[in-house]
Amino acid sequence: QMITLVEEWAGEGGEGGELDGGRNDSLISMRLSIDEIRSAHHPLIHYLVTHAGCCGAGYVLLKRRGFERKKIGGMVYWRKEG
């Protein structure tokens, strides 16, 4: 039944109709193994502030909701009595 629903949604068989034929030259494909990856670099301070802000906000929000931070060996986790 799921296959039939997907085929109808995609326009293959059933009452969904036909897909338009042709080619769209305005679409650009990205070949993951060939095309270069465009990335944006930021100063180190940007990453430090972002990381500290996210960790700090998470810490405060979890503490307010009654969680306690636990550490066993190198593993850190949050726990809340149920």
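Scroll up to find the structure.
Caption draft 1: Geometry of the overall build of the protein. Within the protein one finds two helices and two strands. Looking at the protein as a whole, 1% of its 82 residues qualify as buried. Sequence separation of 24 or more characterises 0% of the internal contacts of the protein that already satisfy a separation of 6 or more. Looking at the protein as shown, the accessible area adds up to about 8100 Å², and 57% of this sits on carbon and sulfur atoms.

Caption draft 2: Looking closely at the pairing of strand β1 (residues 68-72). Two strands pair when backbone bridges link them, and β1 and strand β2 (residues 75-79) are joined in this way by five bridges, in the antiparallel orientation. Along β2, the bridge assignment pairs Ile72 with Met75. Taken together, β1 and the strand that follows it, β2, pair antiparallel across an intervening segment of two residues, in which Gly73 is found at a positive phi of about 60 degrees.

Caption draft 3: Up close: the packing of aromatic side chains. Applying the stated criterion across every chain yields a total of one aromatic pair. With centroids separated by 5.4 Å and ring planes inclined at 70 degrees, the aromatic side chains of Tyr59 and Trp78 adopt a geometry described as edge-to-face. In this pair, Tyr59 sits in helix α2 (residues 44-64) while Trp78 sits in strand β2, placing the two residues 19 residues apart along the sequence.

Caption draft 4: The pattern of salt bridges, seen in detail. In total, this model carries three salt bridges according to the counting rule given. For the salt bridge of Glu68 with Arg79, the shortest nitrogen-to-oxygen distance reads 3.9 Å. Highlighted residues: Glu68 in strand β1 and Arg79 in strand β2, separated in sequence by eleven residues. Glu68 sits in the partly exposed class, given a relative accessible area of 32%. Accessibility expressed as a relative area gives 35% for Arg79, which makes it partly exposed. A salt bridge links Glu81 to Arg79; its shortest N-O distance comes to 2.7 Å.

Caption draft 5: Just α2, in detail. The end-to-end C-alpha distance of α2, which contains 21 residues, comes to 30 Å, matching closely the 30 Å that a straight helix rising 1.5 Å per residue would cover. Among the residues trailing α2, Gly66 stands out with phi positive, at a value near 95 degrees.

Caption draft 6: Region of interest: a nonpolar patch on the surface. A cluster of nonpolar residues, Leu44, Ile45, Tyr47, Leu48 and Val49, forms a patch on the protein surface that exposes about 530 Å² of accessible area. Taking relative accessible area as the criterion, Val49 reaches 54% and is therefore assigned exposed.

Conventions used here
- Residues numbered from 1 in each chain as written.
- Predicted model: local features only at pLDDT ≥ 70, side-chain atom pairs only at ≥ 80, totals over all residues.
- Heavy atoms only, no water.
- Helix = DSSP H or I, 4+ residues; strand = E, 2+ residues; numbered from the N terminus.
- Buried < 20%, exposed > 50% of the residue type's maximum accessible area, 1.4 Å probe, protein only.
- Contact = heavy atoms within 4.5 Å.
- Areas by Shrake-Rupley, 256 points an atom, 1.4 Å probe, with all protein chains shown as cover.
- Pairing = 2+ DSSP bridges.
- Phe/Tyr/Trp six-rings, centres within 6.5 Å; stacked < 30°, edge-to-face > 60°.
- Salt bridge = Lys/Arg side-chain N within 4 Å of Asp/Glu carboxyl O.
- Expected span 1.5 Å × (residues − 1).
- Patch = residues over 30% accessible without salt bridge, like charges linked within 9 Å, V, L, I, M, F, W, Y side chains within 5 Å.

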